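So the chains spell out like this:
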Amino acid sequence: REGDRERIDYVFKVVVIGDSAVGKSQILSRFTKNEFCFDSKSTIGVEFQTRTVTINSKLIKAQIWDTAGQERYRAVTSAYYRGALGAMLVYDITKRQTFDHVARWVEELRAHADSSIVIMLIGNKSDLADLRAVPTEHAVEFAEDQGLFFSETSALRGDNVETAFLKLLEEIYGAVT
Ligand code: GDP
Ligand code: MG
């Protein structure tokens, strides 16, 4: 344990935000534990999980924060955003409303987080292709317009979750070094 801690080069705080039930907790669980929990309860209390990755031969500990089921607009406190270098902003590709709210979440980040925060827009539940309500091109356009990175993921299948987190962490690394 002590040895592990000494070898860490950087700790990056990342927050996961977005409407309720879009899959934030499952994405986090997929990235940190490679698990998907079919009967997961909604998150109680702010908590974070960590995973250490190597970028440019440096050990980076990602400290990833999950909301406390406080996904209502403006319910997430500024303490949650404090010190965050990255954000995963998640919507559900099968629920149009969760994408319509993305602009509000970006406003929240601009208001409460550091101006240099790296933001990755995530369209989750890509496994539910038949139920898709948000065309990929709309999200690509929005992301380009707002200067966000973008990926579609499936926490259920594991598709793109690792890639999206690594991209975010690499961008943060590039920004802080
Ligand atoms: P949160 O409220 O944003 O943290 O959402 P959860 O992670 O609790 O997930 C909400 C619901 O969506 C749960 O029933 C999950 O099993 C389901 N879910 C999450 N990710 C996926 C996914 O990638 N595909 C599918 N089909 N369901 C998912
Ligand atoms: Mg949750």
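Quick caveat, the model's predicted, so the values are computed rather than measured.

### Topic: the packing of aromatic side chains
Enumeration over the complete set of coordinates arrives at seven aromatic pairs. Aromatic side chains Tyr10 and Phe12 sit 5.8 Å apart centroid to centroid with 40 degrees between the ring planes, which places their arrangement in the tilted category. On the accessibility criterion, Tyr10 (28% relative accessible area) is partly exposed. The interplanar angle of 15 degrees and the centroid separation of 4.2 Å between the aromatic rings of Phe31 and Phe165 together place this pair among those described as stacked. One end of the pair, Phe31, is in helix α2 (residues 24-33); the other, Phe165, is in helix α7 (residues 161-176), and 134 residues separate them in sequence.

### Structural notes on the environment of Val22
Here Val22 lies in the loop between β1 (10-18) and α2. Look at Val22 and you get buried, because its relative accessible area is 0%. The sequence separation of Val22 and Ile122 amounts to 100 residues, and the corresponding C-alpha distance is 9.8 Å. Among residues more than four places away in sequence, those in contact with Val22 are Val90, Tyr91, Asp92, Thr98, Asn124 and Lys125.

### Examining helix α5 (residues 102-112)
Spacing of three or four residues puts side chains on the same side of an α-helix, whose turn is 3.6 residues. Within the span of α5, buried status applies to Val102, Trp105, Val106, Glu108 and Leu109. Considered in projection along α5, the buried side chains sweep an arc of 155 degrees and stay on one side of the axis. Taken together, the buried residues of α5 touch β1, α3 (78-81), β4 (86-92), α4 (96-100), β5 (118-124) and α6 (136-146).

### Regarding the pattern of salt bridges
Overall, the coordinates contain six salt bridges when judged by the stated rule. The residue Arg51 makes a salt bridge to Glu162 at a minimum N-O spacing of 2.8 Å. Linking Arg51 in strand β2 (residues 47-55) with Glu162 in helix α7, this pair joins segments that are 111 residues apart in sequence. For Glu162, a relative accessible area of 36% translates into the label partly exposed.

### Here's the deal with the site of ligand 1
Taken together, 17 residues form the shell around ligand 1, and within it Ala21, Lys24, Ser25, Asp127 and Ala155 come nearest. Contact distances for ligand 1 include 2.8 Å between an oxygen atom and a backbone N or O atom of Ala21. One of the side-chain N or O atoms of Asn124 is found 3.2 Å from a nitrogen atom in ligand 1. Looking at the shell around ligand 1 element by element, the count peaks at three residues for α2. Its residues placed into classes, the shell around ligand 1 shows six nonpolar, six polar and five charged.

### Regarding the pairing of strand β6 (residues 149-153)
As judged from the five bridges shared by β5 and β6, these two strands associate in the parallel manner. Across the sheet, the residue bridging to Gly123 is Glu152, located in β6. With respect to chirality, the unit in which β5 leads through α6 into the neighbouring parallel β6 is right-handed.

### Comments concerning the environment of Thr50
Within the secondary structure layout, Thr50 lies in strand β2. The class for Thr50 is partly exposed, based on a relative accessible area of 35%. Leaving out residues up to four positions away in the same chain, Thr50 has contacts with Thr32, Lys61, Ala62 and Gln63.

Rules behind the numbers
Residues numbered from 1 in each chain as written. Chains lettered and ligands numbered in written order. Predicted model: local features only at pLDDT ≥ 70, side-chain atom pairs only at ≥ 80, totals over all residues. Heavy atoms only, no water. Phe/Tyr/Trp six-rings, centres within 6.5 Å; stacked < 30°, edge-to-face > 60°. Buried < 20%, exposed > 50% of the residue type's maximum accessible area, 1.4 Å probe, protein only. Helix = DSSP H or I, 4+ residues; strand = E, 2+ residues; numbered from the N terminus. Contact = heavy atoms within 4.5 Å. Arc of directions from axis to C-beta. Salt bridge = Lys/Arg side-chain N within 4 Å of Asp/Glu carboxyl O. Near = heavy atom within 4 Å. Polar contact = N/O pair within 3.5 Å; in protein donor to acceptor, adjacent residues only side chain to side chain. Nonpolar A, V, L, I, M, F, W, Y, C, P; charged D, E, K, R; others polar. Pairing = 2+ DSSP bridges. Right-handed = clockwise from strand over helix to strand, strands pointing away.

Shape is all these values report; function is a separate question.
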